[in-house]
Amino acid sequence: MKLTFLGAAHEVTGSCMLLEAAGRRILIDCGMEQGLDIYQNAPLPVAPGELDAVLLTHAHIDHSGRLPELVKNGYAGKIYATGATAALCRIMLLDSAHIQEFEAEWRNRKAKRGSGDEYVPLYTAEDAQRTIRQFCPYGYGTDIDLFDGVQIRFTDAGHLLGSASISVTVTENGKTERLLFSGDIGNVRRPLIRDPQTPPAADTVIIESTYGDRLHGARPDYAAHLTHVLQETFDRGGNVVIPCFAVGRTQELLYLLRQIKAEGRLRGHDRFPVWVDSPLAVEATNIYSGSDEMRPYYDDETLALLARGEDPITFPDLHLAVTSDESRQINFDKTPKVILSASGMCEAGRIRHHLKHNLWRPECTVLFVGYQSEGTVGRKITEGAQSVRLFGEEIMVRAHIETLEGISGHADRDMLLSWLSALPEKPQRVFVDHGSDTVCDTFAAAVTERLGVPAIAPYPGAVYALPGGEELSPGSRERLAARRVHTDDGRSRSDGLFRRLQTAGRRLLQIIEQNRGGSNKDLSAFTDQITALCDRWERRRKE
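Residues numbered from 1 in each chain as written. Predicted model: local features only at pLDDT ≥ 70, side-chain atom pairs only at ≥ 80, totals over all residues. Heavy atoms only, no water.

*Asks:* Looking at this structure, how should I read the overall build of the protein chain?
*Replies:* When its secondary structure is counted, the protein chain shows 15 helices and 25 strands. Over its C-alpha trace the protein chain gives a radius of gyration of 24 Å, about what one expects of a compact globule, namely 24 Å for 543 residues. Considering only C-alpha atoms, the protein chain reaches an extent of 80 × 65 × 40 Å along its principal axes. Residues classed as buried in the protein chain amount to 55% of the 543 residues present. In the protein chain, of all internal contacts separated by at least 6 residues, the share reaching a separation of at least 24 is 75%. For the protein chain, the computed accessible surface area is about 23000 Å², with 49% contributed by carbon and sulfur atoms. Side chains of the protein chain give 63 positive and 74 negative charges; the mean places of these two sets differ by 4 Å. (Helix = DSSP H or I, 4+ residues; strand = E, 2+ residues; numbered from the N terminus. Rg over C-alpha atoms; globule rule 2.2 N^0.38 Å. Buried < 20%, exposed > 50% of the residue type's maximum accessible area, 1.4 Å probe, protein only. Contact = heavy atoms within 4.5 Å. Areas by Shrake-Rupley, 256 points an atom, 1.4 Å probe, with all protein chains shown as cover. Lys, Arg positive; Asp, Glu negative; His and termini not counted. Charge placed at Lys NZ, Arg CZ, Asp CG, Glu CD.)

Dropping the structure here:
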């Protein structure tokens, strides 16, 4: 049995692991990198078509965003996830595909004016649709017989609607190994969703460490803090601009804004408008908004609201902007308002337009409500940048910059340790991933010191034998030159083209093997085509 760490190793995004057990190859998450790229993710060591199953912890793009690429390159098996995760991925992966296609169209228009090569999108909407059809949804707490000798179970991780920690029990050669993939573990007492639940016991735990070196502090009164920001900003005649993730965080804020309005907390601004300006957020809000199939994923307070016939995230003066024209009109209206827009780290999407219109205005407030990855526009603003570059223009930061403390969707260090210590049995070993470079090591040391469990933070490409935890390959510790994964104008940059080429090569070898025993005519034609392709690119390389 082997466990290989491919992504989010000493980094926060791009989660991906490969488990080889009981004669099967199982991928856990297949996420896209965002923000700074510190280490090169390891390539998938097998062709996608050779995978037997994919397990998905939750819908966020840094865990699910490369699934359509996997399908495009030959994966035809099932993708196991909770029902809520499958529902959210239906909209999120299509949205990601549209971004990929838009980027390709934009780049190719530029290339025509110069001498650039054609840009091929990472994947298309068609690839995303095929991926969606491969989802196999299950609820929490169900034992799922994946293969002979492999059983899995989803446990509520409390991070996002449908998020899960995944238990994998493997029996081979008469021995049983219990693995637990934490996924992203949520903060506690958040709107709409339950607190993280305790999974079954495990011998090997793979745990995230996004906030593994810090504490959220005493839980603040979110509604009171938000009310204070709204009151002061509206009294100045400004807008409150909130960069937030379209799925999860937007709906939590709508829950708080509904509460503020229902309780009449604002003085003189009772009818303040709230705009949700993100097509994806609008679709996600529709999924969250009282759907019967989502009820198993809500917390008790939300279920009580629904039982009284109250929608937990809609209210008077809520406006949903879908079209570009609707989005542009928001900034022509001078009424003080709340603008919720994606993306949460200000790297892409309509939020950048709202920052351009409001960031330089001293009467406005930009309110951050989530983690800002290193190197992102959001991180620069929260760290006190005097200006930021948007659409090729330097925009001064004169607005009030606020952070809604404690509303993070991630557990802090002590919550992560409590989650580990609450397991029915002490694990034999812990692998720490999904954290910034030094944070992974810091949290691994905390696990060893405070819980007495051996813990290490693997690097990309590291391979471990289980049971036992013997390191078969250390992976790569070579740091990249802090490469941005996004361009200045916010469009995603696919820096994994060479990895795609490697994947295509492995797929080609697989197809060659499948043609063993073919007719001489077919084998000769196939050989000639491959030889011609090699000759073409060999000559191009020499030129």
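*Asks:* Hey, could you run me through the nonpolar core in this one?
*Replies:* As a rule of thumb, nonpolar side chains are buried together in soluble globular proteins. Membership of the largest hydrophobic core comes to 111 residues, with the highest contact counts inside it found for Leu19, Leu27, Val168, Leu230, Leu253, Val338 and Leu340. For this core, the element with the most residues is helix H3 (residues 83–113), which contributes ten residues. Here Leu230 is in contact with Val240, Leu257, Ile260, Leu266, Phe272 and Val338, once residues within four sequence places are set aside. With 20 residues, the next largest nonpolar core counts Leu423, Ala444, Val447 and Val453 among its residues. (Core = buried A, V, L, I, M, F, W, Y, C linked by side-chain atoms within 4.5 Å.)

*Asks:* Is there a simple way to explain the sheet that holds strand S11 (residues 175–181) in this structure?
*Replies:* Each strand in a sheet pairs with its neighbour through backbone hydrogen bonds, running either in the same direction (parallel) or in the opposite one (antiparallel). An order of S8-S9-S10-S11-S12-S21-S22 is seen for the seven strands of this open sheet, with the pairing classed as mixed. Two strands close off the open sheet at either side, each with one partner strand: strand S8 (144–147) and strand S22 (455–456). Pairing geometry for S11 and strand S12 (residues 204–208), over three bridges, is parallel. In the strand pairing of S12, Leu179 is matched with Thr204. (Pairing = 2+ DSSP bridges.)

*Asks:* Looking at this model, I keep getting lost on unusual backbone geometry. Mind explaining?
*Replies:* Only a minority of non-glycine residues have a phi that is not negative, and only a minority of peptide bonds are not trans. With an omega of 10 degrees, the peptide bond between Ala342 and Ser343 qualifies as cis. Mapped onto the fold, Ser343 is located in the loop between strand S16 (338–341) and helix H10 (351–358). Each neighbour pair has its own omega, and for Leu466 with Pro467 the value is -5 degrees, a cis peptide bond. Mapping Pro467 onto the fold places it in the loop between strand S23 (463–465) and strand S24 (470–473). Phi angles above zero are rare outside glycine, and His10 is one such case at about 65 degrees. Here the phi dihedral of His434 falls at roughly 50 degrees; this positive angle occurs in a residue that is not glycine.

*Asks:* Help me understand empty space enclosed by the protein, please; the structure alone is not making it clear to me.
*Replies:* Regions of empty space are outlined by a rolling probe, equal in size to a water molecule, passed over the atoms. Inspection of the entire model under this criterion finds five cavities of 30 Å³ or more. Computed from the structure, the second largest cavity encloses a volume of approximately 90 Å³. Taken together, 15 residues form the lining of the second largest cavity, with Met17, Asp29, His63, Gly183 and Asp433 sitting closest to its centre. Listing elements by their share of the lining of the second largest cavity, those giving two or more residues are strand S3 (24–30) and S12. (1 Å grid on protein atoms, 1.4 Å probe; cavity = no way out; pocket = protein on both sides within 12 Å on 5 of 7 lines; lining within 4 Å. Points joined across faces, edges and corners; volume = space filled by probe spheres on them.)

*Asks:* Explanation requested: the sheet that holds S24 in the structure shown.
*Replies:* The eight strands lie next to each other as S7-S6-S5-S3-S2-S1-S23-S24, forming an open sheet whose pairing is mixed. Across the chains shown, the open sheet's two edge strands, defined by having one partner strand only, are strand S7 (135–138) and S24. Strand-to-strand twist of the sheet, defined as the mean angle between neighbouring strand axes without regard to direction, takes the value 25 degrees. Relative to strand S5 (residues 53–55), S3 runs parallel, the two sharing three bridges. Along S5, the bridge assignment pairs Ile28 with Leu55. (Axes fitted to C-alpha atoms, helices over the stretch in contact; angles between N-to-C directions.)

*Asks:* Could you clarify how one ought to interpret the pairing of strand S9 (residues 150–156) in this entry?
*Replies:* A regular strand carries its side chains on alternate faces of the sheet. For S9, the buried fraction is high: five of the seven residues fall into the buried class. Pairing of S8 with S9, which is carried by three bridges, proceeds in the antiparallel orientation. Each residue of the ladder has a partner; that of Ile144, found in S9, is Ile152. Linking S8 to S9, which pair antiparallel, is a turn of two residues; within it Gly149 sits at a positive phi near 90 degrees. Here S9 runs beside strand S10 (residues 164–172); their pairing, made up of seven bridges, is antiparallel. Paired with Gln151 across the two strands is Thr169, which belongs to S10.

*Asks:* I'm lost on helix H13 (residues 437–451) in this one. Help?
*Replies:* Since there are 3.6 residues in each turn of an α-helix, residues three or four apart along the chain are aligned in direction. Here H13 spans 22 Å end to end across 15 residues, near enough to the 21 Å set by a 1.5 Å rise per residue. Of all the residues in H13, the buried ones are Asp437, Val439, Cys440, Phe443, Ala444, Ala446 and Val447. Downstream of H13 by a residue or two, Gly452 has a phi angle that is positive, lying close to 70 degrees. (Expected span 1.5 Å × (residues − 1).)

*Asks:* Is there a simple way to explain the packing of helix H5 (residues 222–236) against helix H6 (residues 249–262) in this structure?
*Replies:* Any two packed helices are characterised by the angle at which their axes cross and by the distance between the axes. Relative orientation of the contacting elements H5 and H6 amounts to 75 degrees, with a least axis distance of 10 Å. Relative to H6, the element H5 is oriented roughly perpendicular. Of the residues in H6, those touching H5 at Tyr222, Ala223, Leu226, Thr227 and Leu230 are Leu253, Leu256, Leu257, Gln259 and Ile260. Partitioning the contact of H5 with H6 into residue classes produces eight nonpolar, two polar and no charged. (Parallel < 35°, antiparallel > 145°, perpendicular 65-115°, else oblique. Nonpolar A, V, L, I, M, F, W, Y, C, P; charged D, E, K, R; others polar.)

*Asks:* Is there a simple way to explain the pattern of salt bridges in this structure?
*Replies:* Side chains that carry opposite charge are capable of pairing whenever their charged atoms lie near each other. Going through the model one piece at a time under the given rule, you end up with 27 salt bridges. In this structure, Arg308 and Glu310 form a salt bridge, with 3.1 Å as the shortest nitrogen-oxygen distance. Residue Arg308 is classed as exposed on the basis of its relative accessible area, which comes to 54%. The partner of Arg328 in a salt bridge is Asp325, and the shortest N-O contact between them spans 2.4 Å. Taken together, the residues span about one helical turn, with Arg328 and Asp325 both in helix H9 (residues 324–330) at a distance of three residues. The structure contains a network of salt bridges with shared partners spanning Lys2, Glu20 and Arg25. (Salt bridge = Lys/Arg side-chain N within 4 Å of Asp/Glu carboxyl O.)

*Asks:* What exactly am I supposed to notice about the side chain of Thr233 here?
*Replies:* Mapped onto the elements, Thr233 comes out in helix H5. Within the structure, Thr233 has its side chain in polar contact with the backbone oxygen of Val229 (distance 2.8 Å). Sequence-distant contacts of Thr233, that is, excluding residues within four places in its chain, are made with Gly238, Asn239, Val240, Glu363, Cys364 and Thr365. (Polar contact = N/O pair within 3.5 Å; in protein donor to acceptor, adjacent residues only side chain to side chain.)

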